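Spelled out, the chains give:
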There are 2 protein chains.
Amino acid sequence: MNDLLEKAKLVRKWCMVSTTEAGSGHPTSSMSAADVMTVLFDKYFTYDLKNPQNLANDRLIFSKGHASPLYYTMYALAGAFPIDELKTLRKINSRLEGHPTPEFPYTEAATGSLGQGLSVGAGLALAMQREKTLTQKPFVYVLLGDGEMAEGQVWEAANFAAYHKISNLIAIVDVNRLGQSQETMFGHHTEEYANRLTAFGWEVMVIDGHDMAQVTDAFEKATKNTSGKPFAIVAKTEKGHGISFLANADSWHGKPLPKDMLEKALQELGPLEDKQVFTLRVPQTIATADKRAEAMITIPYKVGDSVATREVYGSMLAQLGKENESIVALDAEVKNSTYSIDFMKVFPDRFVECFIAEQNMVSVAAGFARFGKTPFVSTFAAFLTRGADQVRMAWLSQAGIKFVGSHAGVSIGEDGASQMGLEEVSLFGTLPDVVVLQPSEAVSAAKLLQEITKIRGMAYVQTLRPKTKVLYETTEEFPIGGSKVLRQKDTDAVAVVATGITVEEALKAADILEKEGITITVVDAYSISPIDKKTLLEVAQKVKTNTIITVEDHFIHGGMGDFAIAAVSENGVKVVKMAVIGHSHSGTKDELLDRAGISASHIVEKVKSLVK
Amino acid sequence: MNDLLEKAKLVRKWCMVSTTEAGSGHPTSSMSAADVMTVLFDKYFTYDLKNPQNLANDRLIFSKGHASPLYYTMYALAGAFPIDELKTLRKINSRLEGHPTPEFPYTEAATGSLGQGLSVGAGLALAMQREKTLTQKPFVYVLLGDGEMAEGQVWEAANFAAYHKISNLIAIVDVNRLGQSQETMFGHHTEEYANRLTAFGWEVMVIDGHDMAQVTDAFEKATKNTSGKPFAIVAKTEKGHGISFLANADSWHGKPLPKDMLEKALQELGPLEDKQVFTLRVPQTIATADKRAEAMITIPYKVGDSVATREVYGSMLAQLGKENESIVALDAEVKNSTYSIDFMKVFPDRFVECFIAEQNMVSVAAGFARFGKTPFVSTFAAFLTRGADQVRMAWLSQAGIKFVGSHAGVSIGEDGASQMGLEEVSLFGTLPDVVVLQPSEAVSAAKLLQEITKIRGMAYVQTLRPKTKVLYETTEEFPIGGSKVLRQKDTDAVAVVATGITVEEALKAADILEKEGITITVVDAYSISPIDKKTLLEVAQKVKTNTIITVEDHFIHGGMGDFAIAAVSENGVKVVKMAVIGHSHSGTKDELLDRAGISASHIVEKVKSLVK
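Residues numbered from 1 in each chain as written. Chains lettered and ligands numbered in written order. Predicted model: local features only at pLDDT ≥ 70, side-chain atom pairs only at ≥ 80, totals over all residues. Heavy atoms only, no water.

## Examining the overall build of chain A
Okay, so step 1: Helix and strand content of chain A: 22 helices and 19 strands.
Okay, so step 2: For 612 residues, the compact-globule estimate of 2.2 N^0.38 gives 25 Å, and the C-alpha radius of gyration of chain A, at 27 Å, lies within 12% of that figure.
Okay, so step 3: Total accessible area on chain A is roughly 19,000 Å²; 49% of this is exposed by carbon and sulfur atoms.
Okay, so step 4: Side chains of chain A carry 63 positive and 74 negative charges; the gap between the two charge centres is 2 Å. (Helix = DSSP H or I, 4+ residues; strand = E, 2+ residues; numbered from the N terminus. Rg over C-alpha atoms; globule rule 2.2 N^0.38 Å. Areas by Shrake-Rupley, 256 points an atom, 1.4 Å probe, with all protein chains shown as cover. Lys, Arg positive; Asp, Glu negative; His and termini not counted. Charge placed at Lys NZ, Arg CZ, Asp CG, Glu CD.)

This is how it looks when you write it as structure tokens:
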């Protein structure tokens, strides 16, 4: 144990040195978990530092991302990189950022927004469980702070892991008592965490997190756990433990030591040699056996058929999954509405029921993505807002999740405003480089679902609740960033650019107007981000008024209209936005499109007002 | 008990009749809770139907909002409106929407996105506890579905209510076993819910939710509970209970009965007279004693001082709170960073520590708003995304919450991308009529905080981590929807419209350019939504290039730039957006502004490229 204590001292030293060097950061929140991490790296953590992609690696997630000084120190002292690099912490050219990001190659998930790591870990661990090439399942270790146990997502993950019997998931709760601005909800009452985790179906062990024998015993039991339950180590610790004037002391959150105090602290630690002190066990190299051929799909829809694009999602994903075995589908207990159930029926082992817990679902998907899978995440579009922060962090984690939000817009009808997806184009579109698509009918929906399996990054596809008429032949192509000009004549007064459900309205409007002698261009802007700037400019220049009307079943700010304006405004094209501008209501689809001012008759009026 | 059974039959009848009439809706999810609600309305629920604003009213929230047929039926059978109005359910002109909204006057909170009601109820109940005019505390009843117990927010609320000893909060969990697409996580294992709630510090009672004696006993105990803990009634029920072919049957989620089956069902119920069967006890009328004078503030900042706008928030809120006693402040355990701690120090009884649980915080604030309070909610801007769905629902609930997000943008520096608020203008701006403000310095921040206390609706103010120079005299006015022209000459080539931290960069750029003989207009667009269209048009028309450059520390889509473009594009003004276009990093403020392409030097370059 003396050996461990010495190693832990070296760990603590670098938690302090790196943050003092940086002039900011969280040394004391790092030091509380230093002993636990020392034992983990000394004996249990099995990892091929040369190959982070090795499926047989254990995984480690610092859900308390602000303990990054500890995180980086562990890898440095395991020989992953020169110890001196720790002095670059938080600098602009360093990969050792204030909170872990994928720039550091061992980062499983960007953390720093609290309470997300356990979900990512559960996703990784479940992916391992299902990976047939792994005869022995590696462990996923997640370090959580006590403060973040207040985040509901932690309890979503706790339920999820117990329900799915993810017994290779090991949570370590670092109960150091002190939050940022005051004591946490439960202080040092470790039984509060233990009781909750036990009630949620976990195997739980409470220890003194600074007693090396207890810590070792805990990892021993956790890695030999045969209960079938996930395992939690609840460690009572002290913030700043190991240094007399920091240990369990108030007002040290997020503060590095001034240089003179650092010197005092290092004197307390005594002489230490800066050298690699951990040698990780390297597992056998194992790669996935997934077949990942580019998927061929058969599209059964004919022009004029009535099909809901949400139905297309289910049947196409089931087809795509045959050639591309990396595809997995996750749903939040609405699979019979999003139609992900059709994928589940064919591939039950590649479907993950996440129940009504969207935050956990998004982060679990990030875990699957990190394991090399291609996760498709579906629920009502409106309920994807529940996971907005998780989407943001998954994006920072470079997780190529494909989101499919059904029940877009007021067109869903009678269920009313709470169920309407009116913000998701804005939500996903705000994140740079996320592909946002809104097909209006079945063939484009099918083709676009195929397209997004070809890209590495994140994508969002909105699907519709009501059926719409099939507009396209199955031979048509739908590249990301494209659009379709559906009507165009030399006499056109204005170009109406629609997306999703409003394409049908725009076509109706064109018919009505034509009877009155006014012709308009109609564009199906199925790709919102990126938007088809070239086509928008072309159609705008051809119409007599040099004007585009955008019309969409989305709130007026942040939607397709804003993408269109941003694309063409530098060229002096006038853009008039039609979109939803207030609370919607219960009613029929047609009543609600009309009430929102985006129905065919409103388009007709708007065109006439511009032509006058 | 026979009398209760007969009343419950009438309740069930109308759950079925109203949904069959509507052609959609959730009769069976309503019927599982019909007996519990019958007992509540028959004896316990104390409410002045003529005065929903009476502070002494009990409150009832259907967190499982899809059980709205039951919800409306209860009020109809209590005489709140003619029973026949139930036949208007889900129709465009009806206030009886698919999920409860404030159009129905007894709705405490719009529900329909699951798992939010307990938080709203906790907010209402805590507001009651703190209301001195209420000598006896009313009860807040929240009906939850078993499916929504998977939402983490429920557990955030559970922790919150136990921690704050909100003993007048009574949760009823309707364990009807069946979710939308399959059995819930725990089926009929009521002990799973009971164990969890007990571990979370609640008083819990498990009952047969269809045994009127047990239900009565539960409400008796809940309303006489002296434990100081919140109380949960876990009721084992059957979906569709009361009708042989619906009870506990699969595949009936969200489906109304066809007319012939409705007739069969009504025959099973036997003859029933449609009449008011509940007479609610009416409490004494009690109004708030809050003094709500328009707040005067003293602003201590002088032009040239360096002050962080986040500090302004704390000290100004403490001032505003003196004259306006309706103001309460909520924070997610970062009060020493957002500076809401300064309000807490003066008004500890009007501060609510929500710990690291942003979703619950937002919905608790909605509860306080419904009780007539003016809640200010603060955390890091980035972490407000955690509550995006709760913000959306609070907006649907017409809750006039004022959000203050600190640590906006890359300017926060070393903590890195996970802590940077780069999406919140988009998040809040997408919601129609939400006021979005981004002051650049202390005086405007102080004045704008005062302005938002004058409006009824929702508002969002971003504050900055770093100090900025005070630009304005304290006599200056800052109306919502306004802006300030900081530099303007006849020779100006282009107008640079900045907001927040970039105002300082724009001014620096102007100085640099002037030395090179180029003058520019500089506008401080402190009001993003609504944006100052008039001024933007004016400055654009005056500059030689008819061009506006927008520059902001926010992602390029959905931010101030898009508001600006939308405002002026119809008038042929060219707009060039400068904003953050990818992942940020750790680094110093200046390094990161430069890396993001929004520093003074980048503005200089952009102006030069346009002037050429």
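## Here we look at the interface of chain A and chain B
Okay, so step 1: Taken together, the contact pairs 105 residues of chain A with 105 residues of chain B.
Okay, so step 2: Between chain A and chain B lies a buried interface of about 8,300 Å² when both sides are counted; carbon and sulfur atoms form 53% of it.
Okay, so step 3: Its largest share of buried area at the contact with chain B, chain A owes to Met185(A), Arg386(A) and His557(A), together 10% of the area lost on that side.
Okay, so step 4: Here chain A is connected to chain B by eight salt bridges. (Contact = heavy atoms within 4.5 Å. Buried area = accessible area lost by both parts, 1.4 Å probe. Salt bridge = Lys/Arg side-chain N within 4 Å of Asp/Glu carboxyl O.)

## Things to note about the relation of the copies chain A and chain B
Okay, so step 1: Each copy superposes on the other: chain A lies on chain B with an RMSD of 0.0 Å after a rotation of 180° and an axial shift of 0.0 Å. The superposition operator between the copies reduces to a two-fold rotation axis. Considering only C-alpha atoms, the residue of chain A closest to the rotation axis is Gly152(A), which sits at 1.8 Å.
Okay, so step 2: A high fraction, 100%, of the interface residues of chain A reappear at the interface in chain B, so the copies pair face to face through one surface. (Least-squares fit on C-alpha atoms with pLDDT ≥ 70 in both.)

## Examining the pattern of salt bridges
Okay, so step 1: Taken as a whole and judged by the stated rule, the model has 73 salt bridges over all chains.
Okay, so step 2: One salt bridge in this structure joins Glu476(A) and Lys484(A), with 3.2 Å as the shortest N-O distance.
Okay, so step 3: Judged by relative accessible area, Lys484(A) falls into the buried class, the value being 14%.
Okay, so step 4: In this structure, Lys447(B) and Glu477(B) form a salt bridge, with 3.4 Å as the shortest nitrogen-oxygen distance. (Buried < 20%, exposed > 50% of the residue type's maximum accessible area, 1.4 Å probe, protein only.)

## Looking at empty space enclosed by the protein
Okay, so step 1: One pass over the structure, following the stated rule, counts twelve cavities of 30 Å³ or more.
Okay, so step 2: Lining the largest cavity we find 13 residues, and of these Glu423(A), Leu427(A), Ala388(B), Ser426(B) and Leu427(B) sit closest to its centre.
Okay, so step 3: Elements with a minimum of two residues in the lining of the largest cavity: helix 16 (424-429) of chain A together with helix 15 (388-396) and helix 16 (424-429) of chain B.
Okay, so step 4: Partitioning the lining of the largest cavity into residue classes produces four nonpolar, six polar and three charged. (1 Å grid on protein atoms, 1.4 Å probe; cavity = no way out; pocket = protein on both sides within 12 Å on 5 of 7 lines; lining within 4 Å. Points joined across faces, edges and corners; volume = space filled by probe spheres on them. Nonpolar A, V, L, I, M, F, W, Y, C, P; charged D, E, K, R; others polar.)

## Structural notes on the sheet that holds strand 18 (residues 547-555) of chain B
Residue and element names in this part refer to chain B.
Okay, so step 1: Strand order in the open sheet formed by five strands is 14-16-15-18-19, and the pairing between neighbours is mixed. Each edge of the open sheet carries a strand with a single partner, namely strand 14 (484-487) and strand 19 (574-580). For this sheet, the mean angle separating the axes of adjacent strands, direction not counted, is 25°.
Okay, so step 2: Relative to strand 18, strand 15 (residues 495-498) is paired through four bridges, and the arrangement is parallel. If you follow valine 497 over to strand 18, its bridge partner there is threonine 550.
Okay, so step 3: Strands in contact with helix 18 (residues 502-515) are strand 14, strand 15, strand 16 (521-524) and strand 18; relative to strand 14, the strand with the most contacts, it is inclined by about 30°.
Okay, so step 4: Seen against the sheet, helix 19 (residues 533-542) touches strand 14, strand 15, strand 16 and strand 18 and runs at an angle of roughly 130° to strand 18. (Pairing = 2+ DSSP bridges. Axes fitted to C-alpha atoms, helices over the stretch in contact; angles between N-to-C directions.)

## Here's the deal with the nonpolar core
Okay, so step 1: One finds Leu169(A), Trp202(A), Phe403(A), Leu169(B), Trp202(B) and Phe403(B) to be the most contacted residues of the largest nonpolar core, which totals 258 residues.
Okay, so step 2: Sequence-distant contacts of Trp202(B), defined by excluding residues within four places in its chain, comprise Leu118(B), Ala158(B), Ala161(B), Ala162(B), Leu169(B), Ala171(B), Leu197(B), Lys229(B), Pro230(B), Phe231(B) and Ala232(B). (Core = buried A, V, L, I, M, F, W, Y, C linked by side-chain atoms within 4.5 Å.)

## Let's talk about the sheet that holds strand 10 (residues 402-406) of chain A
Residues and elements named next belong to chain A.
Okay, so step 1: Reading across from one edge, 8-7-9-10-12-11-17 is the order of the seven strands in this open sheet, with mixed pairing throughout. Only two strands of the sheet have a single neighbouring strand rather than two, namely strand 8 (351-353) and strand 17 (527-529). On average, each strand axis in the sheet is tilted by 20° relative to the strand beside it, whichever way the strands run.
Okay, so step 2: Two strands pair when backbone bridges link them, and strand 9 (residues 374-380) and strand 10 are joined in this way by five bridges, in the parallel orientation. Paired with phenylalanine 376 across the two strands is lysine 402, which belongs to strand 10.

## Quick look at helix 7 (residues 190-199) of chain A
Residues three or four positions apart in an α-helix share a direction because the helix packs 3.6 residues into each turn.
Okay, so step 1: For helix 7 of chain A, every residue scored as buried is listed here: Thr190(A), Tyr193(A), Ala194(A), Arg196(A), Leu197(A) and Ala199(A).
Okay, so step 2: Lining the buried residues of helix 7 of chain A we find helix 6 (152-163), strand 3 (169-175), strand 4 (203-208) and strand 5 (231-236) of chain A together with helix 6 (152-163) and helix 7 (190-199) of chain B.
Okay, so step 3: Of the residues one or two after helix 7 of chain A, Gly201(A) is the one with positive phi, at around 95°.

## Points about the packing of helix 6 of chain A against helix 13 (residues 358-370) of chain A
Residues and elements named next belong to chain A.
Okay, so step 1: Here helix 6 crosses helix 13 at 70°, and the two axes come no closer than 8 Å. Here helix 13 runs roughly perpendicular to helix 6, going by the angle between their axes. The residues of helix 13 that touch helix 6, namely those facing Gln153, Glu156, Ala157 and Phe160, are Glu358, Gln359, Asn360, Ser363 and Val364.
Okay, so step 2: For the contact of helix 6 with helix 13, the class distribution of residues is three nonpolar, four polar and two charged. (Parallel < 35°, antiparallel > 145°, perpendicular 65-115°, else oblique.)

## Let's talk about the environment of Asp3(B)
Okay, so step 1: Inspection of the secondary structure puts Asp3(B) in helix 1 (residues 2-22).
Okay, so step 2: Owing to a relative accessible area of 47%, Asp3(B) belongs among the partly exposed residues under this scheme.

## Some details on the confidence of the model for chain A
Okay, so step 1: Here chain A averages 97 in pLDDT, and 100% of its residues register 70 or above.
Okay, so step 2: Overall fold confidence for the complex sits at a pTM of 0.98, while the interface term, ipTM, reaches 0.98. (pLDDT = per-residue confidence, 0-100.)

## Concerning helix 1 (residues 2-22) of chain A
Residue and element names in this part refer to chain A.
Okay, so step 1: In a regular helix each residue adds 1.5 Å, so 21 residues correspond to 30 Å; helix 1 covers 30 Å between its end C-alpha atoms and thus fits that length.
Okay, so step 2: Most of helix 1 sits out of view: 15 of its 21 residues are buried.
Okay, so step 3: Of the residues one or two after helix 1, glycine 23 is the one with positive phi, at around 80°. (Expected span 1.5 Å × (residues − 1).)

## Examining the pairing of strand 3 (residues 169-175) of chain B
All names here are of chain B.
Okay, so step 1: In terms of burial, strand 3 is largely enclosed, as seven of its seven residues are buried.
Okay, so step 2: Going residue by residue along strand 3, you find Leu169, Ala171, Val173 and Val175 tucked away on one face and Ile170, Ile172 and Asp174 tucked away on the opposite face as well.
Okay, so step 3: Bridging between strand 2 (residues 140-145) and strand 3 involves six bridges; their strand directions are parallel. Considered in strand 3, the bridge of valine 142 is made with alanine 171.
Okay, so step 4: This β-α-β element, strand 2 to helix 6 to strand 3, shows right-handed connectivity. (Right-handed = clockwise from strand over helix to strand, strands pointing away.)

## Digging into the environment of Ser68(A)
All names here are of chain A.
Okay, so step 1: By secondary structure assignment, the location of serine 68 is in helix 4 (residues 68-77).
Okay, so step 2: With a relative accessible area of 1%, serine 68 lands in the buried category.
Okay, so step 3: When the C-alpha positions of serine 68 and arginine 90 are compared, they lie 9.9 Å apart, and in sequence the two are 22 residues distant.
Okay, so step 4: In contact with serine 68, other than residues within four places in its own chain, are Leu89, Glu97, Gly98, His99 and Pro100.

## Let's talk about the packing of helix 3 (residues 34-44) of chain A against helix 8 (residues 212-223) of chain A
Any two packed helices are characterised by how steeply their axes cross, that is the angle between the axes, and by the distance between the axes.
Residue and element names in this part refer to chain A.
Okay, so step 1: Running from N to C, helix 3 and helix 8 point in directions that differ by 55°, and their axes come no closer than 10 Å. Between helix 3 and helix 8, the interaxial angle falls into the category oblique. Where helix 3 crosses over helix 8, the two elements pack in a sense that is right-handed. Judged by residue contacts, Asp35, Val36, Thr38, Val39, Leu40, Lys43 and Tyr44 of helix 3 engage Met212, Val215, Thr216, Phe219, Glu220 and Thr223 from helix 8.
Okay, so step 2: Of the residues assigned to the contact of helix 3 with helix 8, the class counts are seven nonpolar, three polar and three charged. (Left-handed = near helix turned anticlockwise from the far one by under 90°.)

## Things to note about unusual backbone geometry
Residue and element names in this part refer to chain A.
Okay, so step 1: Each neighbour pair has its own omega, and for serine 529 with proline 530 the value is 0°, a cis peptide bond.
Okay, so step 2: Of note in this structure, lysine 165 is not a glycine but carries a positive phi near 55°.
Okay, so step 3: Take lysine 165: it is sitting in the loop between helix 6 and strand 3.

## Concerning the packing of aromatic side chains
All names here are of chain A.
Okay, so step 1: Following the criterion strictly, the structure yields 63 aromatic pairs over all chains and no others.
Okay, so step 2: Measuring from centroid to centroid gives 5.4 Å for phenylalanine 41 and tyrosine 75, while their planes differ by 85°, and the two rings are edge-to-face. Separated by 34 residues along the polypeptide, phenylalanine 41 in helix 3 and tyrosine 75 in helix 4 bring together distant segments of the chain. Just as phenylalanine 41 is buried, tyrosine 75 falls in that class too.
Okay, so step 3: A ring pair is formed by tyrosine 472 and phenylalanine 478, whose centres lie 4.8 Å apart and whose planes are at 75°; its orientation type is edge-to-face. As far as burial versus exposure is concerned, tyrosine 472 and phenylalanine 478 are alike and both buried. (Phe/Tyr/Trp six-rings, centres within 6.5 Å; stacked < 30°, edge-to-face > 60°.)

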